[in-house]
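Coordinate inspection notes
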Amino acid sequence: ALKTHYPQRFQISANPARQEITHHDNHTLLVLIRNPYDTLRSWSKLKNFQIDAPVINNFCNDWNNFIAYYENLQGNEKKFLTYESLMSNAEESCRKVCKHFGIGMNENFHNVDRQESIERTGPSSPYRSFIGDCGVLHDMSFFTDSHIQEIKNLCDKNLNTYFIDF
């Protein structure tokens, strides 16, 4: 399956072991969508590039195509979940995911904070430094007003469908 971050342009070639899902594969899918503002901000920091009009245009095109691909995929059972809902209410989101896949959820599961996540992760784990670095964007000052408007215009349909609060 593909990931939400620049799915068409970067992820297929980045990991050729990933299998593309096609119509009527009869898979049960969870499609995780992260809002475009957070995704662009995260990628620009991770990959160290400047956000400008061409980057926004390419990104929004890929982001919209990713969502449309899964919305239009026939013969597969799909559930769309936003990264933001997973971050803000992990326990409820995981219950919905488990129900979607028809599996039970561990009754001992509970929302954990950053410190508990760190304590659960082994000291030599390469993922330890990432715990708590991801999150929901609360500060739009990272973008210029024209960037915000351009992203809103290009991603409007999916923002209104999946991100009602934006």
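Each value, and the rule that gives it
Residues numbered from 1 in each chain as written. Predicted model: local features only at pLDDT ≥ 70, side-chain atom pairs only at ≥ 80, totals over all residues. Heavy atoms only, no water. Helix = DSSP H or I, 4+ residues; strand = E, 2+ residues; numbered from the N terminus. Buried < 20%, exposed > 50% of the residue type's maximum accessible area, 1.4 Å probe, protein only. Areas by Shrake-Rupley, 256 points an atom, 1.4 Å probe, with all protein chains shown as cover. Phe/Tyr/Trp six-rings, centres within 6.5 Å; stacked < 30°, edge-to-face > 60°. Lys NZ or Arg CZ within 6 Å of the ring centre and 35° of its normal. Expected span 1.5 Å × (residues − 1). Polar contact = N/O pair within 3.5 Å; in protein donor to acceptor, adjacent residues only side chain to side chain. Axes fitted to C-alpha atoms, helices over the stretch in contact; angles between N-to-C directions. Parallel < 35°, antiparallel > 145°, perpendicular 65-115°, else oblique. Contact = heavy atoms within 4.5 Å. Nonpolar A, V, L, I, M, F, W, Y, C, P; charged D, E, K, R; others polar. Pairing = 2+ DSSP bridges. Core = buried A, V, L, I, M, F, W, Y, C linked by side-chain atoms within 4.5 Å.

Remarks on the overall build of the chain
Across its full length, the chain carries seven helices and two strands. Shown N-terminal to C-terminal, the secondary structure of the chain runs as helices and strands in the order α-β-α-α-β-α-α-α-α. Taken over 166 residues, the chain has a buried fraction of 31%. If you sum the accessible surface of the chain, you get close to 10,300 Å²; carbon and sulfur atoms cover 50% of it.

Structural notes on the packing of aromatic side chains
Taken as a whole and assessed by the stated rule, the structure comprises six aromatic pairs. Centre to centre, the rings of Tyr37 and Phe143 are 5.9 Å apart; their planes meet at 70°, and the pair counts as edge-to-face. In this pair, Tyr37 is assigned in helix H2 (residues 36-47) and Phe143 in the loop between helix H6 (114-120) and helix H7 (145-162), connecting sequence segments 106 residues apart. For Tyr37, a relative accessible area of 4% puts it in the buried group. An angle of 90° between the planes, with centres 5.1 Å apart, marks the rings of Phe142 and Phe143 as edge-to-face. Since its relative accessible area comes to 5%, Phe143 is described here as buried. Cluster of aromatic residues (ring-pair linked, three or more members): Tyr37, Phe142 and Phe143. A cation over an aromatic ring shows up here: Arg34 above the ring of Tyr83, its NZ or CZ 4.5 Å from the ring centre.

Describing H2
Its 12 residues give H2 an end-to-end C-alpha distance of 16 Å, which sits within 8% of 16 Å, the value for a rise of 1.5 Å per residue. Of the positions making up H2, those classed as buried are Pro36, Tyr37, Asp38, Thr39, Leu40, Trp43 and Ser44. The distance from a side-chain oxygen at the start of H2 to the backbone nitrogen of Tyr37 is 2.8 Å, and the residue carrying that oxygen is Asn35. Just downstream of H2 lies Asn48, where phi reads positive at about 55°.

Some points on the packing of helix H3 (residues 53-72) against H7
Viewed as axis vectors pointing N to C, H3 and H7 meet at an angle of 5°, and their least axial separation amounts to 9 Å. If you check the angle between H3 and H7, you find them roughly parallel. From H3, Ala53, Ile56, Asn57, Cys60, Trp63, Asn64, Ile67 and Glu71 reach across to H7, where they touch His147, Glu150, Ile151, Leu154, Cys155, Lys157, Asn158, Leu159 and Tyr162. Considered class by class, the residues forming the contact of H3 with H7 number 10 nonpolar, four polar and three charged.

A look at the pairing of strand E1 (residues 28-33)
Every regular strand shows the same layout, with side chains that alternate between the two sheet faces. Going residue by residue along E1, you find Leu29, Val31 and Ile33 tucked away on one face and Thr28, Leu30 and Leu32 left uncovered on the opposite face. Pairing between E1 and strand E2 (residues 77-82): six bridges, direction parallel. Looking at E2, one finds that Thr28 is bridged to Glu77.

Here we look at the nonpolar core
Counting 20 residues, the largest nonpolar core has Ile33, Leu40, Trp63 and Ile151 as the members making the most contacts within it. Counting residues per element, the ones that place at least two in this core are E1, H2, H3 and H7. With eight residues, the top contributor of residues to this core is H3. Ignoring sequence-local partners within four residues, the contact set of Trp63 consists of Ile33, Arg34, Asn35, Pro36, Cys155, Asn158, Leu159 and Phe163.

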